[in-house]
Amino acid sequence: MTQREEGRSAPRPARGLSTAEVGERISRGEVNDVPVRSSRSAASIVRANVLTRFNAVIGVLFLLILVVGPVQDSLFGFVILANTLIGIVQELRAKRTLDSLAVIGEARPKVRRDGATRDLHTHEIVLGDLIELGPGDKCVVDGEVTESDTLEIDESLLTGEADPVLKRPGDRVMSGSFVVAGSGAFTATRVGRDAYAAQLAEEASRFTLVHSELRSGINDLLKYITWMIVPTGTGLVLSQLLLRHHDIDDAIRRMVGGIAPMVPEGLVLLTSIAFAIGVVRLGRRQCLVQELPAIEGLARVDVVCLDKTGTLTEGGMDVTGVRALQDGKAGGSPGTAYLQRVLAALGSADPRPNASMRAIVDAYSPDGSGPRDSASSPDGSGSPGSSSAGWRTEQSLPFSSARKYSGATFVEPDGTRRSWLLGAPDVLLPPDHPVLGEVDRLSREGLRVLLLASADGIPDRAGSAGDEAFRRTEPAALVTLEQRLRPEAADTLHYFAEQDVAAKVLSGDNAVSVGAVAAKLRLPGAQHPVDSRRLPGDAEGMVRELEKGTVFGRVSPRQKQDMVAALQAHGHHVAMTGDGVNDVLALKDADIGVAMGTGSEATRAVAQIVLLDNSFATLPSVVAEGRRVIGNIERVAYLFLTKTVYSVLLAALVILWQVPYPFLPRHLTLLSSLTIGIPAFFLALAPNRERARPHFVRRVMRYSVPAGLIAGTATFATYLLARHHYTGKGSLAAETSVATLTLFLIAMWVLAIVARPYSWWRVLLVLTMGLCFLAVLVTPWLQHFFALKLVGTVMPWTGVVVAAVAAVSLEAVWRWVRHPRHGERDSAAAKALRRRRSRSRTR
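What you are looking at is a predicted structure, and each value in this text was computed from that prediction instead of being measured.

Cut-offs used in this document
- Position labels on residues start from 1 in each chain and follow its written sequence.
- Only residues with pLDDT of at least 70 are given local features in this predicted model, and only at 80 or more are side-chain atom pairs given and counted; all residues enter the totals for whole chains, interfaces and linings.
- Each side-chain value is worked out from all heavy atoms of the structure, with water and hydrogens disregarded.
- A helix here means a DSSP run of H or I that spans at least four residues, while a strand means a run of E at least two residues long, and both kinds are numbered starting from the N terminus.
- Here's how the labels work: a residue is buried when its accessible area is under 20% of the maximum for its type, exposed when over 50%, partly exposed in between, all with a 1.4 Å probe on protein chains only.
- It only takes one pair of heavy atoms within 4.5 Å for two residues to be counted as in contact.
- The Shrake-Rupley method, run with a 1.4 Å probe sphere, supplies the accessible areas, and residue values consider only the shown protein chains as cover.
- A pocket here means an open set of points on a 1 Å grid, computed over the protein atoms alone, that has protein on both sides within 12 Å along at least five of seven lines. A cavity is instead a set of points where a 1.4 Å probe fits but cannot get out; residues with an atom within 4 Å of a point line either one.
- Grid points are joined across faces, edges and corners, and a volume is the space filled by probe spheres set on the points.
- Each residue gets one label: Ala, Val, Leu, Ile, Met, Phe, Trp, Tyr, Cys and Pro are nonpolar, Asp, Glu, Lys and Arg are charged, and the others, such as Gly, are polar.
- To form a nonpolar core, buried Ala, Val, Leu, Ile, Met, Phe, Trp, Tyr and Cys residues must be joined to one another through side-chain atoms within 4.5 Å.
- By salt bridge we mean one thing: a side-chain nitrogen of Lys or Arg within 4 Å of a carboxyl oxygen of Asp or Glu.
- Candidates for patches are residues over 30% relative accessible area with no salt bridge; among them, like charges are joined within 9 Å and nonpolar side chains (Val, Leu, Ile, Met, Phe, Trp, Tyr) within 5 Å.
- Any Phe, Tyr or Trp ring, taking Trp's six-membered ring, that has another such ring centre within 6.5 Å forms a pair; planes under 30 degrees apart are called stacked, those over 60 apart edge-to-face, and the others tilted.
- If DSSP finds at least two bridges between two strands, the strands pair.
- What counts as an axis is a line fitted to C-alpha atoms, over the stretch in contact for a helix, and the angles between N-to-C directions run from 0 to 180 degrees.
- What a helix should span is 1.5 Å times the count of its residues minus one.
- Think of pLDDT as the predictor's per-residue confidence, scored from 0 to 100.
- Any angle that falls under 35 degrees is termed roughly parallel, while one over 145 is termed roughly antiparallel, one within 65 to 115 roughly perpendicular, and all others oblique.
- It is the rotation of the near helix from the far one that decides the hand of a crossing: anticlockwise by less than a right angle makes it left-handed, clockwise makes it right-handed.

Caption draft 1: Up close: the overall build of the chain. Broken down by element type, the chain carries 29 helices and 22 strands. For the chain, the residues scored as buried account for 58% of the 843 residues in total. Long-range pairs, those at least 24 residues apart, make up 75% of the contacts in the chain with a sequence separation of at least 6. Approximately 34100 Å² of the chain is accessible, and the part contributed by carbon and sulfur atoms is 57%.

Shown next as structure tokens:
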């Protein structure tokens, strides 16, 4: 018998399973045992850091040197071992942070057992459990609907079906879908790895969903380097063995010295460390990065789309008044207390009220304190809360962000049957209705305005303003609510403006009201809000309006998704923030989705970043962390790739000239440590506010290749001059010392260029590396350990002069590469950004 068949045959009482039945299912293994992975396993982290192609190359070379000795020439192997251990420790530390935060943000479905509802972890659900659903809840297992109160479920994330599906008892529910309206309960018929979403997860690891240009770029670089290393290394091995056949040990040492520096071993390590430390830093700010490359992604955005409610404003609201309407005009009415009773009944009819309805419930429920506005005070006919007792709900329609209203049909204590609607005035009323003028006036004050209207009836499900039933609505009152602005929202928007990131507010509320809220936060362009129902339907026209405007109201969930897609199609890198089910589709399609911790389960499930403390002010920290990672890895990539290029070039020149390789492994270990390894570690973790730019590989190679060619050519030229200058016993050691001095000075100049712009610690870092090398040259035991001793003055000073000429060439190449005419071509996003700035200056 399959799980589904057993689930169908099992009884599904309203009380849910009993404790004994749960125990039986656990003993049979019928539990939802799919682990929720927020990060890689410890074993995969160790494998990723140890079992790499370059570690294999370095390992073989390390073993060769251990055989022929001396120990000084095997230092590069110990450095790689230390680096690998550091990488493993940092990633495990990041894993612990991710896993602990994931537990905090984990979905806790409501499960009914023994007649009581309790919040359980997803892994505690068993086959046959009765799981309750409400707006924003995610279906964590497959099941069959048992109870339905106009339950509407969006399955677009699984099936691609655009419209929510009305679910009735007996209908199937798929894990991974989410509730957009209504409430109900379903019985679990497939749990664990048999569930639909779990089967999808088997095909795609959650850890690697976000595209990382940085990681893919580094992988491309490593692929190119492998192509260079194999033929060059083979030629070097043959040439050194044939040339130094009488001294096999020395030939092996110099062959290893040529191959080892070709490997940019620290580049991948520092990338992993930078991401890992970023996760730990953001974790301290209660920011859950569900996928590591998301840090990089948010740093690349040039447009951030914000939902107003829950992002710019706090989730809660306060009712400021109920303005009764008479003949389509605002004014006092003897029916105000009755209208308050209607509102209380509507609140009672909604089992899962949204923020607006919650404010109404708090204001007009029997134990509520009532509104603070005199316009909504009772007229003496009785307490608004107590008078709502005895109202029976005959039919209800929960709020949906797609239709923007809710409704219910009540039978009042005297037997009167009436239907009421509560929602957006401009949706429930025709465009020319006189009440809309009053709505606009109130909206300009930053208030949220809802219309309470009587109707002939309500539809079974998602009707629209175009339905015949809604052509016969009678406006009864305007309900005004005050939204609480997030105290940190203004500073966060100002930060994005400073960083040239365009902020777009996409809200389902009235455009004028949203514009007034945005104006309070000093968002540029908020004075000209746009009603999204009037936007062009084509992508070109929509993007033009999106680039011109800042605040957009009456945006449907599907339209939010279309807006994000249109911006992406025109070269923008888009981030979307939100907390409600109306944001899920846009969050899913955005380059980076950011959800609030108190948002719905559906938004947290599809977002790459979750702000567990619900603080919008955390976003600048995420952007800054991403920029630190990208900008600094690009810096150190210049160093590593320059080393690889000059190492390959030196090996090729040695093969052509048929001369001994100029360096021993210990020399290049010293050079790599002082000019690349140690400085790169500090540079990779330093603050960096530069805007992330695309085309990482192209930009790095444009400087690293010519810089490496200059360094390699200058070093080899000095080496050849030294071979003509020095003769006799010990000449090779003298030649090697001069070549090492020349290469060190050139590599130091590359470091000095990459370290710009200078700060006190960057200058100190460069000077410290130089002093360390000087200490090796003047300290006898270090001279002996590293086999470095300058002989005479002519060739050492020749090496200094050659290095100075090379430094001038490096500066010229750097200026040429950084010049806008010769730098990388602008992306479409950069061009769009300049157009926006130009239009802004024109206005």
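This is not the end of the story, as more comes after the structure.
Caption draft 2: Highlighting empty space enclosed by the protein. Per the stated rule, a full pass over the model turns up three cavities of 30 Å³ or more. If you add up the space inside the largest cavity, you get close to 130 Å³. Counting residues per element, the ones that place at least two in the lining of the largest cavity are β4 (142–154), β7 (178–190), α12 (336–349), β12 (392–400) and β13 (405–411). Broken down by class, the residue content of the lining of the largest cavity amounts to eight nonpolar, six polar and three charged.

Caption draft 3: Layout of the environment of Thr271. Checked against the element boundaries, Thr271 lands in helix α10 (residues 265–284). On the basis of relative accessible area, Thr271 is assigned to the buried category, the value being 4%. The contact partners of Thr271, leaving out residues within four places of it in the chain, are Leu214, Ile218 and Ile633.

Caption draft 4: Molecular detail of the nonpolar core. The biggest cluster of nonpolar side chains holds 90 residues, and the ones touching the most others in it are Val636, Tyr703 and Phe773. When residues of this core are assigned to their parent elements, the largest contribution, 15 residues, is made by helix α22 (residues 619–657). If we ignore the near neighbours within four places in the chain, the residues touching Phe773 are Leu670, Leu671, Leu674, Thr740, Leu741, Phe744 and Leu788. Val289, Ile295, Ala518 and Leu523 belong to the second-largest nonpolar core, a separate cluster that totals 38 residues.

Caption draft 5: Region of interest: the side chain of His667. Here His667 is to be found in helix α23 (residues 665–684). Relative accessible area serves as the criterion here: at 1%, His667 is assigned to the buried category.

Caption draft 6: Spotlight on the pattern of salt bridges. As enumerated under the stated definition, the model contains 23 salt bridges in all. Of the charged contacts, one joins Glu545 and Lys548 as a salt bridge, the two residues approaching to 3.4 Å between their closest N and O atoms. Separated by three residues within a single helix, Glu545 and Lys548 lie in helix α18 (residues 539–548), roughly one turn from each other. For Lys548, a relative accessible area of 46% translates into the label partly exposed. One connected set of salt bridges, linked through shared partners, spans Asp426, Asp531, Arg533, Arg534 and Arg554.

Caption draft 7: Highlighting a nonpolar patch on the surface. A surface patch of nonpolar side chains, amounting to about 380 Å² of accessible area, comprises Val71, Phe78, Leu81 and Leu85. The residue Leu81 is located in helix α5 (residues 75–104) in this model.

Caption draft 8: The arrangement of the packing of aromatic side chains in detail. Following the criterion strictly, the structure yields 13 aromatic pairs and no others. Considering the side-chain rings of Trp657 and Phe716, the 5.4 Å spacing of their centres and the 65° angle between planes classify their relative orientation as edge-to-face. Note that Trp657 is positioned in helix α22 and Phe716 in helix α24 (residues 696–725), a separation of 59 residues in sequence. Accessibility expressed as a relative area gives 4% for Phe716, which makes it buried. When the ring of Phe716 is compared with that of Tyr719, the centres are 6.1 Å apart and the planes differ by 55°; the resulting orientation is tilted. Of this pair, Phe716 and Tyr719 both sit in helix α24, separated by three residues, roughly a single helical turn.

Caption draft 9: Up close: the sheet that holds strand β17 (residues 502–506). One open sheet accounts for eight strands, arranged β8-β22-β21-β20-β9-β17-β19-β18; its pairing is mixed. Strands at the two margins of the open sheet, each flanked by one partner only, are β8 (287–289) and β18 (530–531). In the sheet, β17 pairs with strand β19 (residues 551–553) via two bridges, with the strands oriented parallel. Bridge pairing in β19 places Leu506 opposite Phe552. Strand contacts of helix α19 (residues 557–569): β9 (303–306), β17, β19 and β20 (574–578), with the helix running at about 160° to β20, the strand carrying the most contacts.

Caption draft 10: Region of interest: α19. Look at α19: 19 Å from first C-alpha to last across 13 residues, which is about the 18 Å you get at 1.5 Å a residue. Among the residues of α19, Pro557, Gln559, Lys560, Gln561, Met563, Val564, Ala566 and Leu567 are the ones counted as buried. Packing partners of the buried residues in α19 comprise β9, β17, α18, β19, β20 and α20 (584–589). Gly571, located one to two residues past α19, shows a positive phi value of around 90°.

Caption draft 11: Main features of unusual backbone geometry. With an omega of -5°, the peptide bond between Arg756 and Pro757 qualifies as cis. Position of Pro757 relative to the elements: it lies in the loop between α25 (731–754) and α26 (760–778). The residue Gln658 is not glycine, and still its phi comes out positive at about 55°.

Caption draft 12: View of the pairing of β20. When you tally the buried positions in β20, you get five out of five residues, the bulk of the element. Burial of β20 is two-sided: the residues Val574, Met576 and Gly578 facing one way and the residues Ala575 and Thr577 facing the other way are all buried. The sheet contact formed by β20 and strand β21 (residues 592–596) spans four bridges and is parallel. Residue pairing across strands places Gly578 opposite Ala595, the latter belonging to β21.

Caption draft 13: Representation of the confidence of the model for the chain in the model. In this model, the chain carries a mean pLDDT of 78, and residues with pLDDT of at least 70 account for 82%. Note that residues 201–209 has pLDDT below 50 and, in this model, 14 contacts with residues that lie over four places away or in other chains. This model gives residues 327–334 a pLDDT under 50, and the stretch forms 11 contacts once residues within four places in sequence are excluded.

Caption draft 14: Representation of the pairing of β4. Sheet analysis places β4 next to β7, joined by 10 bridges and oriented antiparallel. Looking across to β7, one finds that Ser148 is bridged to Gly184. Across two bridges, the pairing between β4 and strand β6 (residues 172–173) is antiparallel. Note that in β6 the partner of Glu144 across the bridge is Arg172. Where β4 and strand β5 (residues 165–167) come together, three bridges link them in antiparallel fashion. Of the residues in β5, the one forming a bridge with Glu152 is Leu166.

Caption draft 15: Region of interest: the packing of α18 against α19. As a packed pair, α18 and α19 sit with axes 9 Å apart at the nearest point and diverge in direction by 90°. By the angle class used here, α18 and α19 are roughly perpendicular. Across from Ala539, Met542, Val543 and Leu546 in α18, the residues of α19 making contact are Asp562, Met563, Ala566 and Leu567. For the contact of α18 with α19, a count of residues per class yields seven nonpolar, no polar and one charged.

Caption draft 16: Expanded view of the packing of α23 against α25. Orientation of α23 relative to α25, taken along the N-to-C sense of each, is 15°, at an axis distance of 9 Å. Taken as axis vectors, α23 and α25 run roughly parallel relative to one another. Handedness of the crossing formed by α23 with α25: right-handed. Residues His667, Leu668, Leu671, Leu674, Thr675, Pro679 and Leu683 of α23 pack against Thr736, Thr740, Leu743, Phe744, Ala747, Met748 and Leu751 of α25. Class assignment for the residues of the contact of α23 with α25 results in 10 nonpolar, four polar and no charged.

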